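# Structure at a glance
Below, each chain spelled out in residue letters.
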Amino acid sequence: MSAYSQEIREAIRTVPNWPEPGVMFRDIMPLLQRREIFRKLIDSFVHRYQNMELNAVAAIDARGFILGAPLAYELGLSLVPVRKKGKLPFDTVTQDYNLEYGSATIELHTDAFRAGDRVLVMDDLIATGGTMLAACQLVRQLQAEVVEVSAIIDLPDLGGSNKLRAAGFDVYAVCEFDGH
């Protein structure tokens, strides 16, 4: 855990019953709006990854971009956006995954990585793990190595982090919340 985990956790707003009854939405916008907390968040990731000999950050559309860009910059890494289907203009590889109601598809450019690149996959939140797992599968499809998956928040009650670990991926989150 980060030295700032509690402070970061306290900056996250919980919005009850949004987007539907029974859901406790974890809103990172107050964290991002407080420059001193946002800096501590990015510093937490920098300190964790500065010695892991990474080549790239694969940041998941869209809130993963908020984290991935400053982290990639600070570590001198490439930033690779993992986008929703239809958003990338060049040749892509795609991965379908299941949502609570239906399915979705994400994609990467075919030239996003070189074989053997060491990649950090990043998003804001790990819930059921579907999007993160699909992103990891895309990285592997391009013959790169997923070093770790990382997020601000883990919601362990939803099982995503366990699903990712069961698939062979190391998981790191700055903080966690019970429930969903």
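As a reminder, the structure under discussion sits directly above these lines.
We now turn to the structure provided with this report. Just so it is clear, the structure is predicted and the values come from calculations on it, not from any experiment.

### Remarks on the overall build of the chain
Scanning the chain from N- to C-terminus turns up 6 helices and 10 strands. Rg of the C-alpha trace for the chain: 16 Å, near the compact-globule value of 16 Å for 180 residues, within the 12% margin. Considering only C-alpha atoms, the chain reaches an extent of 40 × 40 × 30 Å along its principal axes. In the chain, 59% of the contacts between residues at least 6 apart in sequence involve partners at least 24 apart. Accessible area of the chain: about 9,200 Å², with a carbon and sulfur share of 46%. For the chain, the distance from the average site of its 18 positive side-chain charges to the average site of its 24 negative ones is 3 Å.

### Brief notes about the environment of glutamine 137
Looking at the element boundaries, glutamine 137 is found in helix α5 (residues 130-141). When the C-alpha positions of glutamine 137 and alanine 167 are compared, they lie 10.0 Å apart, and in sequence the two are 30 residues distant.

### Overview of the packing of aromatic side chains
Across all of its chains, the model carries 3 aromatic pairs by this definition. A centroid spacing of 4.9 Å and a plane angle of 80 degrees characterise the contact between tryptophan 18 and phenylalanine 25, whose relative ring orientation is edge-to-face. You can call tryptophan 18 partly exposed: its relative accessible area is 48%. Considering the side-chain rings of tyrosine 49 and tyrosine 172, the 6.4 Å spacing of their centres and the 85 degrees angle between planes classify their relative orientation as edge-to-face. Residue tyrosine 49 is found in helix α3 (residues 35-49), and its partner tyrosine 172 is found in strand β10 (residues 171-176); the two are separated by 123 residues along the sequence. In this structure, tyrosine 49 and tyrosine 172 share a single accessibility class: buried. Linked through ring pairs, Phe45, Tyr49 and Tyr172 together constitute an aromatic cluster. Cation over ring: arginine 9 sits above phenylalanine 177, and NZ or CZ is 4.1 Å from the ring centre.

### Some points on α5
Compared with an ideal rise of 1.5 Å per residue, which puts 12 residues at 16 Å, α5 spans 16 Å between its outermost C-alpha atoms and is within 8% of the ideal. Taken together, the buried positions of α5 are Gly130, Met132, Leu133, Ala134, Ala135, Cys136, Leu138 and Val139. Positioned one or two residues after α5, glutamine 143 has a phi angle of 65 degrees, which is positive.

What counts as what
Residues numbered from 1 in each chain as written. Predicted model: local features only at pLDDT ≥ 70, side-chain atom pairs only at ≥ 80, totals over all residues. Heavy atoms only, no water. Helix = DSSP H or I, 4+ residues; strand = E, 2+ residues; numbered from the N terminus. Rg over C-alpha atoms; globule rule 2.2 N^0.38 Å. Contact = heavy atoms within 4.5 Å. Areas by Shrake-Rupley, 256 points an atom, 1.4 Å probe, with all protein chains shown as cover. Lys, Arg positive; Asp, Glu negative; His and termini not counted. Charge placed at Lys NZ, Arg CZ, Asp CG, Glu CD. Phe/Tyr/Trp six-rings, centres within 6.5 Å; stacked < 30°, edge-to-face > 60°. Buried < 20%, exposed > 50% of the residue type's maximum accessible area, 1.4 Å probe, protein only. Lys NZ or Arg CZ within 6 Å of the ring centre and 35° of its normal. Expected span 1.5 Å × (residues − 1).

Geometric values such as these leave the question of function open.
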